[in-house]
Amino acid sequence: AGAAQAALADTTPYMGLQGTYGWQADARHTSNALGGTILFGFPTSEYFAPEINLFGLQSDRDYSAGHDNEYGGGLDFAIYPMQRSSAFSPFLLLGGGAQYEDRAANDHTYGFANAGGGFLINLNEAHTVAIRVDAKHYWVFDDDTSSHDYLQDTRINAGVQFVLGKKAEQPAPPSRPQPKD
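Quick notes on the rules
- Residues numbered from 1 in each chain as written.
- Predicted model: local features only at pLDDT ≥ 70, side-chain atom pairs only at ≥ 80, totals over all residues.
- Heavy atoms only, no water.
- Pairing = 2+ DSSP bridges.
- Helix = DSSP H or I, 4+ residues; strand = E, 2+ residues; numbered from the N terminus.
- 1 Å grid on protein atoms, 1.4 Å probe; cavity = no way out; pocket = protein on both sides within 12 Å on 5 of 7 lines; lining within 4 Å.
- Points joined across faces, edges and corners; volume = space filled by probe spheres on them.
- Nonpolar A, V, L, I, M, F, W, Y, C, P; charged D, E, K, R; others polar.

Asks: Looking at this structure, I do not really get the pairing of strand β4 (residues 67-79). What am I missing?
Replies: Successive residues of a regular strand alternate their side chains across the two faces of the sheet. Both strand β3 (residues 48-61) and β4 contribute to a ladder of 13 bridges, which runs antiparallel. Residue pairing across strands places E51 opposite D76, the latter belonging to β4. Taking the residues between adjacent antiparallel strands as the criterion, β3 and β4 are bridged by five residues, where G66 takes a positive phi near 115°.

This is the structure we're talking about:
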C-alpha cells in the first residue's frame with residue numbers, strides 16, 4: 001500500500017509553508033529580510049511540477065528607523081532530476097513573477113526572474129509530508145534604486161510541504177467465482 005500511496009502523491013497537488021530569510025542588494029540599504037512563503041504545486045509527473053508561490057518580507061532599514069516591505073508572487077518550475085517520490089529528492093527551480101515594494105522613499109511594483117534549487121526530505125512512507133528547503137537568486141528589474149537595470153537578492157526558505165488530499169485508489173478487480181466441487 002505504501003508504494004501505491006507514494007505514486008498517488010506524485011501527481012496530487014501539494015502546499016508548502018516556509019519561513020524566509022533574504023539577503024538584499026546593497027543598493028536597497030536594508031538588512032535582515034525576514035518573512036514567509038506559501039506555495040502550491042501541481043505536479044504533472046514525478047519529475048516536473050509548476051508551483052505558484054506567494055511571499056512577504058520585512059527588512060530593517062540601514063539608513064533610518066523603520067522597515068521596508070516586499071509582497072509578491074510568481075510561478076516557478078520545479079524540475080526533479082530524480083523521482084520526487086524518493087526519500088530524499090533534490091530539485092531545481094526556474095521562474096519569475098512580480099513584487100510590490102513598500103519603501104520609505106517610494107512604492108513600486110517590479111518584475112523578477114529567479115533560479116535556484118533545494119531538496120525534500122519525505123517524513124512518511126506515503127510521501128505526503130516532507131521537510132522542504134530551497135534557495136533562490138532573484139534578479140529584480142528595478143532601475144529606480146540603482147544605475148543598473150536590476151537588483152540581485154538571494155533568499156533561503158525552509159518549512160514543510162504536504163499533499164492536499166489524495167486521489168481515490170483504484171478498486172481491486174472483482175474476484176472470479178470459485179467453482180464448486
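Asks: What is the right way to read empty space enclosed by the protein from this model?
Replies: Summed over all chains, the structure comprises four cavities of 30 Å³ or more. If you add up the space inside the largest cavity, you get close to 90 Å³. Lining of the largest cavity is provided by 13 residues; of these, R84, N122, H127, Q161 and V163 occupy positions nearest its centre. Contributions of two or more residues to the lining of the largest cavity are made by α1 (2-11), β6 (107-122), β7 (129-140) and β8 (151-163). Of the residues assigned to the lining of the largest cavity, the class counts are seven nonpolar, four polar and two charged. Roughly 60 Å³ of internal volume is contained in the second largest cavity. As for the second largest cavity, its lining consists of R28, T30, S59, D68, N69, E70, E101, D102 and R103. Sorting the residues of the lining of the second largest cavity by element identifies β4 and β5 (88-102) as the ones contributing at least two each.

Shape descriptors only; they carry no functional weight alone.
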